[in-house]
Amino acid sequence: MAKNKEQKSGKHVPYVTKKQRGGSPAILIMGIILAIIFGASTAYSGMKAGLTVAAGIPGSIIGSGLVSIFARKKGILGKNILQGMSSGGEAIASGMIYVLPAIILIGGHVNFWTGMMVGILAVLFAIGSASLVQNYLIVEEHGRLAYPESMAITEALVASESGGDSLKFLGIGFGIGGLITMVTTQVFGWLNNMITYTGNSFYRWKMSTEVNPMLAGIGFVVGIDVALTMFAGSILSNFAVVPLVSYFTQMAGGSAHVWNNAALHISQMGVDDVAGSYVKYIGAGMMLCGGIIGAIKLIPVIWTSIKKVINARNSATEEKNALGVIALMLSVILIFVAGFIISGSFLVALIGGILSLLLALLFVIVSARLAGTIGCSNAPVSGMTIASLVIMTLAFVSMGWTNQNYSEILLLFGVFIVTAISVGGGYMQTQKVNYMIGGSNREMMKYYMIAGIVGVFTVVGTTVILAPQLQVTGSNPPFGLPQANLIATLTTGIMSGNLPWIMVIVGIVMAIVLWMLDLPIMTVALGFYLPISTTSIILVGALLKLIVDKTTKGEALKAKRIQSGVSLSSGLIAGGSIIGLIGIILHVTGLLKEASPKGFAAGNAMGIIILIVLAVAIVVPLYMIKKVEDRKPSDENEG
């Protein structure tokens, strides 16, 4: 992508240097279809198991095929629009499903039109807010922020145009990721891909790794520094804090029970119980403090961005951000109107609206920056939402608004916040791809906004349709709703005055210590909050990249292998995402029944075998690259 030019000038040279439009009626129709597909499938998978996947990669793969059939003249810019619209639909689901079902869990009712109103306002606010720091995070920080998933999406789009080695390694990765995803628990359920070891003696701990090709691919892209920092947070959580809390739980009397589960005695808590009922809240406190510190640091950037927007009419060299400003102003005004319609009270609308706007602005900016460090698939959206709802709930309690009706109103404000957070990250990731490709900022904003509104319609509709199943609880409910259950428990716990505040405060103190040591708070907090099964496989992917880097002699060959590894990793992410999506659709339609591995296929040994196969399948194709073919300089500058 014009690497020689970029290196000589010190500035990024996009793949497409001529200003063109990628949109058309055909692109719009295909984008809406993709937004619906990814919105519905992500909503299902997120409510089922708490896992969501950024749709940019599979959207770029599917979009490339659709453009080649129905809109060939639009080329890579049309494909770029489709990956953005795919991300727009998915981002809604990746946020909204954490809070919207919580209304059902506390005994409330989800109204379709109310959900639509809140969701659309969140889309407008997120895009408008993110656009204020877009130039700084995408242009000024280019080369410093990794944007791993954006780079993978860009690689996939370019490969679809140029073919050659990039497309070959993308295909290899797609095959590996798709095959492993197909045979494991996400689709057919034949083989176990979770390696778990637990210590329940005097020192209680848990180590687990989910052999997930998508996560391994993300690890390869983000590299060892980010992956190791995240894993350090997981080590702190699983091998320091969990054993410490577990040590004291064993001393508890027989009558003492867990704060949020009267049926479970503290002395009977296992490692997972300790992590879920207590340690998670330390992570929430870390994210709360880290988000505030990060936002304070960005205040000068936000102010500068606002001044640039105000003076944009005098600039002929920058694209105007009028659409973003209009979206932001409209959402700020209408959130108070929506608050009054929902609550029937001017005071509730005023306090709820102000808090929602401030918290959403704070975490939209944090989420937008996280897109540049770890991508969107593993962004701690639920953690930032928990931190926001703690503050919102405290405000409601201080006003005496503690009954069932106020709890539903509170959660609707929470739907606004969480949707905005998710959209903020997804939008920034999409615009980074757009910047790399050379698309129009305004055009992408418009199409992303349309996709977001379509996503709101899809996710709210899916939630309303599935409401009877979402109400089912017990040991094996049809939908696990892990984040929604946590949020429902959290808000009702604060409303009733029953919450482990000491854990939240400890998290805040730990974040302050990290800040004093000049360590990346949010990256450590992310590792602390996420399951170690997730951070460990991301570390595996990063270690494989490090091995290839350190064992390859010659800078040219090393660069070629790493570049091919990024293409292969993009394929891993795409294969895992698309095959996982197909599996979800098959499960939803009933064409594929739930299945679990049995016998040897269900044990840790099988997970280890799959891990070895995955590692070998990643590095062997890269080591097969023995030399770097000479290419004419003009070849590097095409596009």
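Residues numbered from 1 in each chain as written. Predicted model: local features only at pLDDT ≥ 70, side-chain atom pairs only at ≥ 80, totals over all residues. Heavy atoms only, no water.

1. Looking at the packing of helix α6 (residues 112–140) against helix α16 (residues 404–437)
Cut-off, in case you're wondering: To get an axis, a line is fitted to the C-alpha atoms, and for a helix only the part in contact is used. The angle between two axes follows their N-to-C directions and goes from 0 to 180 degrees. Helix and strand assignments come from DSSP, with helices taken as H or I runs of at least 4 residues and strands as E runs of at least 2, each series counted from the N terminus. An angle below 35 degrees is read as roughly parallel, one above 145 as roughly antiparallel, one from 65 to 115 as roughly perpendicular, and any other as oblique. Left-handed describes a crossing in which the near helix is turned anticlockwise from the far one by less than a right angle; the clockwise case is right-handed. Amino acid classes used here: Ala, Val, Leu, Ile, Met, Phe, Trp, Tyr, Cys and Pro are nonpolar; Asp, Glu, Lys and Arg are charged; the rest, including Gly, are polar.
Running from amino to carboxyl end, α6 crosses α16 at an angle of 40 degrees, the nearest separation of the two axes being 7 Å. With respect to each other, α6 and α16 are oriented oblique. Considering only the axes of α6 and α16, their crossing is right-handed. Residues that form the contact of α6 with α16 fall into these classes: 20 nonpolar, seven polar and one charged.

2. Details of a nonpolar patch on the surface
We count it as follows: A patch consists of residues exposed above 30% relative accessible area that lack any salt bridge, with like charges linked at up to 9 Å and nonpolar side chains (Val, Leu, Ile, Met, Phe, Trp, Tyr) linked at up to 5 Å. Under the convention used here, a 1.4 Å probe and the Shrake-Rupley method define accessible areas, while residue burial counts only the protein chains that appear. In the sections that follow, a salt bridge refers to a side-chain nitrogen of Lys or Arg positioned within 4 Å of a carboxyl oxygen of Asp or Glu.
On the surface, L330, I333, L334, V337, F340, I341 and F346 cluster together to form a nonpolar patch covering roughly 680 Å² of accessible area. Of all the elements, helix α13 (residues 322–343) adds the most residues to the nonpolar patch, at six residues. Note that I333 resides in helix α13.

3. Some words on the confidence of the model for the protein chain
For clarity, the cut-off: The pLDDT score gives, residue by residue, the confidence of the prediction method on a 0 to 100 scale. Contacts were defined at the residue level, with two residues in contact if any of their heavy atoms lie within 4.5 Å.
Confidence in the prediction for the protein chain averages 83 pLDDT; 88% of positions are at 70 or higher. Across the protein chain, helix α23 (residues 604–623) holds the top mean pLDDT of 95, while helix α24 (residues 633–636) sits lowest at 37. For the stretch residues 312–318, pLDDT sits under 50, and the model shows two contacts to residues farther than four places along the chain or on other chains. Contacts from residues 630–639, a stretch scored under 50 in pLDDT, to residues over four places away or in other chains number 13 contacts.

4. Side note on unusual backbone geometry
Phi angles above zero are rare outside glycine, and D518 is one such case at about 60 degrees. Note on placement: D518 falls in the loop between α19 (501–516) and α20 (521–529).

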